[in-house]
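# Structural features, examined
The residues making up each chain are set out below.
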Amino acid sequence: MSKLSELVAELVTPHAPTEKWTGQTCGMLDMRIDRQGHWFHQGGEIKRLGLLKLFASVLSCEQNTHWLTTPVERCEIAVEDVAFLVTSWYSHKLDDMDVLVAVDNLGRKWPICQQYPLELRCFEQQQLPYLGLSNGLHARVARNVYYQWAEIAEQDKQGVYLRSAGMQFYLSE
């Protein structure tokens, strides 16, 4: 096992094996996630971090449809953009390279690497970086993190990029 694989295994919270569960589809649940990553159920905001992490562990996205899946049922939920935001980050030294570690709004850690890449997507008529997570999910990079990354970014002919886990991840086109 490589050092990067060990770091991923150490940092990333495992997702429930929802791809193995074949519960019945129950339709649209009265739950939504707004564009700031706040979760709501029946109109009220869910603020308990433990409950949010539980829901996140069974959330997936397939063809722009978000699902909460249990062994018994699978329910669709409304998501305005993406379910999570990258709200902070830090650099982790791994042998001879740095790995940037993104922290999402639930406190979960994601090393930016081939398995969890940064990609540009359109949000409110702007190209912004999103972090690809597991199970078809993404986390939009919050403005404060974007500005911090812009300060340490490098530039080449293709644009402005970050270096993490020995790879280049572009912040602009």
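See the structure shown above.
Quick look at the structure, then. Keep in mind that this is a model prediction, so the values were computed, not measured. (Residues numbered from 1 in each chain as written. Predicted model: local features only at pLDDT ≥ 70, side-chain atom pairs only at ≥ 80, totals over all residues. Heavy atoms only, no water.)

## Some words on the packing of aromatic side chains
- The final tally for this structure, using the stated rule, is six aromatic pairs.
- Put simply, the rings of Trp39, Phe55 and Phe84 pair up and form one aromatic cluster.
- The aromatic ring of Phe84 is capped on one face by Arg108, whose charged end is 4.2 Å from the ring centroid. (Phe/Tyr/Trp six-rings, centres within 6.5 Å; stacked < 30°, edge-to-face > 60°. Lys NZ or Arg CZ within 6 Å of the ring centre and 35° of its normal.)

## With respect to the pattern of salt bridges
- Inspection of every chain in the model, using the stated rule, returns eight salt bridges.
- Where Glu80 meets Arg32, a salt bridge forms, and the shortest distance between an N and an O atom there is 3.1 Å. Of this pair, Glu80 sits in the loop between strand S6 (73-79) and strand S7 (84-94) while Arg32 sits in strand S1 (residues 24-33); the two residues are 48 residues apart in sequence, bridging distant segments of the chain.
- Accessibility expressed as a relative area gives 42% for Glu80, which makes it partly exposed.
- Given the relative accessible area of 34%, Arg32 is considered partly exposed.
- Put simply, Arg35 and Glu80 hold a salt bridge, and the shortest N to O gap is 3.6 Å. Taken together, the residues Arg35 in the loop between S1 and strand S2 (39-41) and Glu80 in the loop between S6 and S7 connect sequence positions 45 residues apart.
- Exposure remark for Arg35: the relative accessible area of 33% places this residue in the partly exposed category.
- Within the structure, one salt-bridge network assembled from shared partners comprises Arg32, Arg35, Glu80 and Glu124. (Salt bridge = Lys/Arg side-chain N within 4 Å of Asp/Glu carboxyl O. Helix = DSSP H or I, 4+ residues; strand = E, 2+ residues; numbered from the N terminus. Buried < 20%, exposed > 50% of the residue type's maximum accessible area, 1.4 Å probe, protein only.)

## Looking at the side chain of Thr69
- With respect to the secondary-structure elements, Thr69 resides in strand S5 (residues 65-69).
- If near-sequence neighbours (up to four positions away) are discounted, Thr69 is found in contact with Thr18, Trp21, Val58, Ser60 and Arg74. (Contact = heavy atoms within 4.5 Å.)

## Section: the environment of Asp156
- Tracing the sequence through the fold places Asp156 in strand S13 (residues 154-156).
- As a C-alpha pair, Asp156 and Trp21 span 135 residues in sequence and 45 Å in three-dimensional space.
- Look past the residues within four positions of Asp156 in its chain and what remains in contact with it is Tyr161, Gln168 and Tyr170.
- Side chain to side chain, Asp156 and Tyr170 meet in a polar contact 2.6 Å long. (Polar contact = N/O pair within 3.5 Å; in protein donor to acceptor, adjacent residues only side chain to side chain.)

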